[in-house]
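So you can see what is in the structure, the chains are spelled out below.
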Amino acid sequence: MERAGEAYVNRGEEDEMEISAYSPCCWKLVLVSLGTVCSGGFLLLFLYWLPELSVKWTCRTVPLRDAWVVLLRTTDEFQTWSRVRVHSLFAPGSSPLGFPQVSESKRPLCQASQLEDWDCEEGLLPQHARGGEQAETRFFVHHNMRYLWSVESQSFQRLRALDLGLPCSALHALHGAGLPRSIQDYRRLFYGANQIDVQVPSLPKLLIKEVLNPFYIFQVFSMVLWSLDNYYLYASAILFMSLVSVCSSLYTIRKQYILLHDMVAAHNTIRVAVYRGPYETEEIFSTELVPGDVLLVPPEGLTVPCDAVLLSGTAIVNESMLTGESVPVTKTALPGPAQGGRGPLQDPPYEPEEHKRHTLFCGTSVIQTRYYSGEAVRALVIRTGFSTSKGQLVCSILFPKPTDFRLYRDAYHFLLCLVGVAGIGMLYSVIRSVQQAEPVGRVILESLDILTITVPPALPAAMTAGVVYAQRRLRGQQIFSISPQRINICGQLNLMCFDKTGTLTEDGLDFWGFVQAQDGCFLPAGQDIRAPNLTGSPFVATMAACHSLTTIGGCLSGDPLDLKMFEATGWVLEEPTQEETALHDQIQPTVVHPPDQTPPETSEGIPEDEALMELMKAYQIGILVQFPFSSSLQRMSVVTRTLGQKRLVAYMKGAPETVGSLCRKETVPDTFSAVLESYTRRGLRVIALASRQLEKKYTWHKVQHISRDLIECNMEFLGLVILQNKLKPETVPVLAELHRARIRLVMVTGDNLLTAISVGHECGMIPAKGKVILTEALPPRDGQPATINWQYADELSTLEISDKASKEEIKLMLDEEEAPPPAPRPGVPDSSYHFAITGRSFSVILDHFPDLLPKLLLCGTICARMAPDQKTQLVEALQKMDYYVGMCGDGANDCGALKRAHAGISLSELEASVASPFTSKTPNISCVPDLIREGRAALVTSFCVFKFMALYSIIQYLSVLLLYSTLGNLGDVQYLFIDVAIIMSLAFTMSLNRAWGELVPQRPPTSLVSPQLLLSVFTQILLSLGFQVGAFLLVQEQPWYRSGENGACGLASNSTALMNVTAGPKPEAEDGEADSVCSFENTTLFYVSCFQYVAVALAFAKGRPFRQPTRTNGFFVASLIATSGFLLFLLLWPIPALDRFFELACIPFDWRLILLVLALSNLVLSLSLENFICDCDILWQCICYTRQKYESPAQGTCPQLELDEMAPGHSCRRQASPRAKYQRLAQELRFDPDWPPQPQTSTKAQVPPAESST
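Residues numbered from 1 in each chain as written. Predicted model: local features only at pLDDT ≥ 70, side-chain atom pairs only at ≥ 80, totals over all residues. Heavy atoms only, no water.

Participant: Go over the overall build of the chain, please, and point to the residues and values.
Facilitator: Scanning the chain for helices and strands turns up 44 helices and 43 strands. Of all 1254 residues assigned to the chain, the portion counted as buried reaches 54%. On the chain, roughly 56,500 Å² of surface is accessible, and the fraction owed to carbon and sulfur atoms is 57%. (Helix = DSSP H or I, 4+ residues; strand = E, 2+ residues; numbered from the N terminus. Buried < 20%, exposed > 50% of the residue type's maximum accessible area, 1.4 Å probe, protein only. Areas by Shrake-Rupley, 256 points an atom, 1.4 Å probe, with all protein chains shown as cover.)

Put into structure tokens, the structure is as follows:
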């Protein structure tokens, strides 16, 4: 039950949020102010980081209608909080799409509800209304979207425009004439200016926001602490590096804002013409547009400044900015209310995605328009500003969804563990200092210093270095990213979805042949479509006229399939010029005609009647109306008129199943399914053709705004066109490489199911011995529940299709009961099985078989006839099974799936497409293994750097604690040398290893708490602890330690001058702080710890199988050699000036050799433990994975377990189940005797008891 003052906005949508209302509370504000003063401002900083507490600690809960501040929390897994102020606007009305309200005494005498009465409407918003009756509307803005208070629903609702689902007829009837200036000004009060204004933050604002980051606050705290402890040099160096880091970050962030601002603002403000009535137009700035305005689209085109739906005319649009698809798209007018002989048809509600073939989206470019005298190309403004499609994409860049990756969560948990370790060290330091009677100030400084040592301040920068280097390498391979944080996630991809056409196969199609139908029978197949006897046939006419091609720059342009079919006919396409169009009252259609057929030229010697007769003999087809191809409808059609004929003719083409269902049954051959299957089994692309001679009542005027449903029915089936879609040369080797890497492959296409299966066999997605199980799901009908029919693909040609009622039915019981032992299953294959499913069946299973869907997806390989939204739903369903999903497509119909996947790769010529996180300019799937390789290298680099930084902090932590026991510490220069010369150089060069050239079956670990990583970290910690404690105790046992003699100092006994200069520490010295640094323990631990940093860096610098060997990283090798060489020089050849600079005590040469032996021993043990125990693949395979392999009683084998044998998802605990849902499900299905289903059976959905009883 919801508490008072709480509600939800965007209920049921992707960006659903919980909303709570608050109002300032005086006594809470007073308490917080006092706390801020007492804490020196830290409380205010804490509340800045946690907006939910800042609201709850300063405000009181109130009803939503009284809110001054609202607290928003997303309902997804991230639970992100936002704090937003509530504002008020005053307008002469409260409905954004309504009309301004005036008092009765000042209301015009005429009715203002009719849009046609322009004289009345101009008086609706008089000048005195501004100071007269004003209605208050409360609203808030979140992520550039405005939410208005609704009195009716008593809640805040997102401001919507004409995309509310209004009937298409209403858009024509109520909004087709445009808006008067008064209504436009009124609506602008609610919708604001029509611009996507990306504000570039000022440098001071960015600086404050960046500096208030917890990382930099901790840096400031550390520098103040070090300065109080007299570590001025080290504090100055860290300050300098922090300033460089801040400036670099500010430059990068501001540059990105400027680039985005310039990209958006380029077409933010243009001059457009809008209608102020049925005929009058006015030129205004595009920023003044509001929903309801009607644009005049000029013939030369424009960059669309808003989302608008075409009311009349046709437009050729380039949508590459949205989809990455450079092929121009034809947009046609939104069909109006259709009246037929059987009464009015259903008036569908307008949806921008559903009617995208009639919608001009913001940011796209209209190349040219088709219009005719008296009725220009008009477009109704649907959405403006950030509500447009372009605005929503910009918002997704400005406010990206948080990345849920296990590495980052575990990193935070590990840092908390380090803070706990620091707490133990602080407690030890306080106890030890109190026992030694240290001053209170010194005790506090030393204890806090432990915290700054344990939590490495350079960790965030070091961990992102690998991603930055990987992004740079990807850019060199023509792979661009707008979401670099996803590169690490690419290293964990274990399932790749591929679109077929244009991705796996060539964009272009080759004409293979055709099969005509006549009198309900198929004629013999042919290949010469240009035969003279076919020139005037409806079959060829359909191929030549049913398309959306246009001429741009003298060349035909349009969909590759349309282009290939038209070129096969050899016909000619002629489009009217603007001059020709303007001379006629009626539309001048696009004309197609056979070649070598041109209109006769009229000369003075030839009578006009003879010329007209010659013209009538020509065979020309004029295209009057186009109904463009729709992915959801899987067809397109045109209405034409043939020269010399009175009646119009409609031509249609599309998916054979769809076209066949819309034709008269007597015209569809009985062998339709068998013939279609014979071609699709061979991987050929099949398109069906149909035509219909329209009745006399369908005139040119009526068909201009008629519903396509009235045209696309009762067609005559004409036959099939067969095209060959060849695989790209790179497809087979790339898919083979991915399969060897144990990455699941799934085909997601809009093509025919059997064609997709054939391509799956050809490209290797389905192995030679793999069995394909066709899954046909039927929705509930006539009181019968939803049913799934199972059919094995290789048995289609041999099995007879029996009546549905005679098929064996297996009822899927959700509450399983004991059943007798299963009978022998001769029909179940011994090899692996793969499910093939269509988009229609997928929707039925999603709605009626939710428990069965994961089982199908576990081994589903082919998904055909998938609509764009179904592709997105498929990706979401796979992600719910704990797959890391990648999606590769051409960007046209895959935008939703590309954005939803963990890693979406769009094959586009653009460097940065907002359609997906990654864009490859290479037009084939060879970019996929490149991206996965770089993702794996970046992920392993992140683990390596994290482990190195964690060990660095622990090693320094151990050194300081040991020195604290003798009231000592490391020196200022020593800290500086360790952190800058050693740690920074090694950490950042460690990330430069390139990716390994081969994708291996193993995948990098996803968690820092995996057994291998934990063992690696803990063994190195114990090793470092053992050597440091051993050296610390051993130096105190040396004979020269107690006596303080330095006769053995230096390289040799004859170095008397050197010995006299580098004297050992003097316990009786007055400078106690100097003695706390320069001591035998300090010098010993400094050398030992420095060599330990080098040892762990070399041990953690992983090479194969995910990165190139360490020896290939020249910068890292150079850093190792330089650091080690300097340390050896400092140890074995002491120079007095360097010793004084580093505050090192003079130690005997024999002890120096002992320290060298300890360092070498530490190095050998570190490398041995890391390479032969912690990183031994054979050992861990035996421990973790061998136990999971067992024989399955089921005869059918799901390939999923075979793919995941090398995956890191299994636990090493005995009898423990895998973490991933799909792995657990795969193990369960091995013992399921009823899986996979038997051929020629069906599964019915379980009917709820309440429904069954009725």
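Having seen the model, we can carry on.
Participant: Now, about a nonpolar patch on the surface: what can you tell me, with residues and values included?
Facilitator: Together, Trp27, Val30, Leu31 and Leu34 line one region of the surface with nonpolar side chains, adding up to about 450 Å² of accessible area. Here Trp27 lies in helix α1 (residues 26-38). (Patch = residues over 30% accessible without salt bridge, like charges linked within 9 Å, V, L, I, M, F, W, Y side chains within 5 Å. Salt bridge = Lys/Arg side-chain N within 4 Å of Asp/Glu carboxyl O.)

Participant: Can you break down the packing of helix α38 (residues 1114-1132) against helix α40 (residues 1149-1174) residue by residue, with the values?
Facilitator: Remark: α38 packs on α40, axes separated minimally by 9 Å, with the N-to-C direction vectors making an angle of 155°. If you check the angle between α38 and α40, you find them roughly antiparallel. For the pair α38 and α40, contact is made by Leu1128, Leu1130, Leu1131 and Leu1132 and by Phe1149, Arg1152, Leu1153, Leu1155 and Leu1156, respectively. Partitioned by chemical class, the residues of the contact of α38 with α40 number eight nonpolar, no polar and one charged. (Axes fitted to C-alpha atoms, helices over the stretch in contact; angles between N-to-C directions. Parallel < 35°, antiparallel > 145°, perpendicular 65-115°, else oblique. Contact = heavy atoms within 4.5 Å. Nonpolar A, V, L, I, M, F, W, Y, C, P; charged D, E, K, R; others polar.)

Participant: Run through the sheet that holds strand β31 (residues 649-654), naming residues and quoting values.
Facilitator: The strand order across the open sheet formed by nine strands is β24-β23-β33-β32-β31-β30-β29-β28-β27, and the pairing between neighbours is antiparallel. Where the open sheet ends on each side, the last strands, each with one partner, are β24 (521-522) and β27 (572-574). Pairing of strand β28 (residues 590-593) with strand β29 (residues 621-630), which is carried by three bridges, proceeds in the antiparallel orientation. Residue pairing for β29: Val592 is matched across the bridge by Ile621. (Pairing = 2+ DSSP bridges.)

Participant: Could you give me a rundown of the nonpolar core, with the residues and numbers involved?
Facilitator: In globular proteins that are soluble, nonpolar side chains generally tend to be buried together. Of all hydrophobic cores here, the largest spans 92 residues; its most connected members are Phe948, Met949 and Phe1086. Among the elements that take part in this core, helix α31 (residues 927-964) stands out by supplying 20 residues, more than any other. Leu727, Tyr884, Cys888 and Leu931 belong to the second largest nonpolar core, which has 46 residues in total. (Core = buried A, V, L, I, M, F, W, Y, C linked by side-chain atoms within 4.5 Å.)

Participant: Can you tell me about the side chain of Ser1119, naming the residues and giving the values?
Facilitator: With respect to the helices and strands, Ser1119 occurs in helix α38. Classification of Ser1119 as buried rests on a relative accessible area of 13%. Excluding residues that lie within four positions of it along the chain, Ser1119 makes contacts with Ser985, Leu986 and Thr989.

Participant: How would you sum up helix α26 (residues 753-763)? Please name residues and give values.
Facilitator: Across the eleven residues of α26, nine count as buried, placing the element largely inside the fold. Listed as buried for α26 are Leu753, Leu754, Thr755, Ala756, Ile757, Ser758, Val759, Gly760 and Cys763.

Participant: I'd like a description of the side chain of Ser150, backed by residues and values.
Facilitator: Structurally, Ser150 is set in strand β8 (residues 145-150). A distance of 3.1 Å separates the side chain of Ser150 from the side chain of Ser153, its partner in a polar contact. Each residue touching Ser150, except ones within four places of it in the same chain, is listed here: Ser155 and Gln157. (Polar contact = N/O pair within 3.5 Å; in protein donor to acceptor, adjacent residues only side chain to side chain.)

Participant: Tell me about the sheet that holds strand β12 (residues 294-296), and please be specific about residues and values.
Facilitator: Across a sheet, paired strands are connected by hydrogen bonds in the backbone, their directions being either parallel or antiparallel. Pairing in this open sheet of six strands is antiparallel, and the strands run β11-β10-β12-β20-β13-β18 from one edge to the other. The open sheet has two free edges, formed respectively by β11 (281-285) and β18 (359-360), since each of these has just one partner strand. As judged from the five bridges shared by strand β10 (residues 271-275) and β11, these two strands associate in the antiparallel manner. Looking at the pairing, Val274 lines up with Glu282 of β11. Here helix α5 (residues 168-175) sits on the sheet in contact with β12, β13 (307-312) and β20 (378-383), set at roughly 80° to β13.

Participant: Give me the state of the cysteines: which residues, what numbers.
Facilitator: For the structure shown, the criterion picks out zero disulfides. The thiol sulfur of Cys1078 is not disulfide-bonded, and the nearest other cysteine sulfur, from Cys1146, lies at 9.5 Å. A relative accessible area of 22% places Cys1078 in the partly exposed class. (Disulfide = S-S within 2.5 Å.)

Participant: Outline the packing of aromatic side chains, supporting the account with residue identities and numerical values.
Facilitator: In this structure the tally under the stated criterion is 24 aromatic pairs. Measuring from centroid to centroid gives 5.4 Å for Phe1141 and Phe1142, while their planes differ by 90°, and the two rings are edge-to-face. Assessed through its relative accessible area of 47%, Phe1141 is described here as partly exposed. By the ring-pair criterion, three or more aromatic residues cluster together here, those being Phe977, Phe1086, Tyr1087, Phe1126, Phe1141 and Phe1142. (Phe/Tyr/Trp six-rings, centres within 6.5 Å; stacked < 30°, edge-to-face > 60°.)

Participant: So what about unusual backbone geometry? Which residues, and what values?
Facilitator: In the segment running from Arg1104 into Pro1105, the intervening peptide bond is cis, with an omega of 10°. Mapping Pro1105 onto the fold places it in the loop between α37 (1080-1100) and α38. Positioned with a positive phi, Asn144 is a non-glycine residue whose angle comes to about 65°. In this fold, Asn144 is placed in the loop between β7 (135-142) and β8.

Participant: Give me the packing of helix α32 (residues 972-989) against α38: which residues, what numbers.
Facilitator: Contact geometry for α32 and α38: axes closest at 8 Å, N-to-C directions at 155°. Judged by the inter-axis angle, α32 sits roughly antiparallel to α38. Note on packing geometry: the crossing formed by α32 with α38 is left-handed. Between α32, through Phe977, Ala981, Ile982, Ser985, Leu986 and Thr989, and α38, the contact on the second element is made entirely by Phe1115, Phe1116, Ser1119, Leu1120, Thr1123, Phe1126 and Leu1127. Considering only residue class, the contact of α32 with α38 consists of nine nonpolar, four polar and no charged. (Left-handed = near helix turned anticlockwise from the far one by under 90°.)

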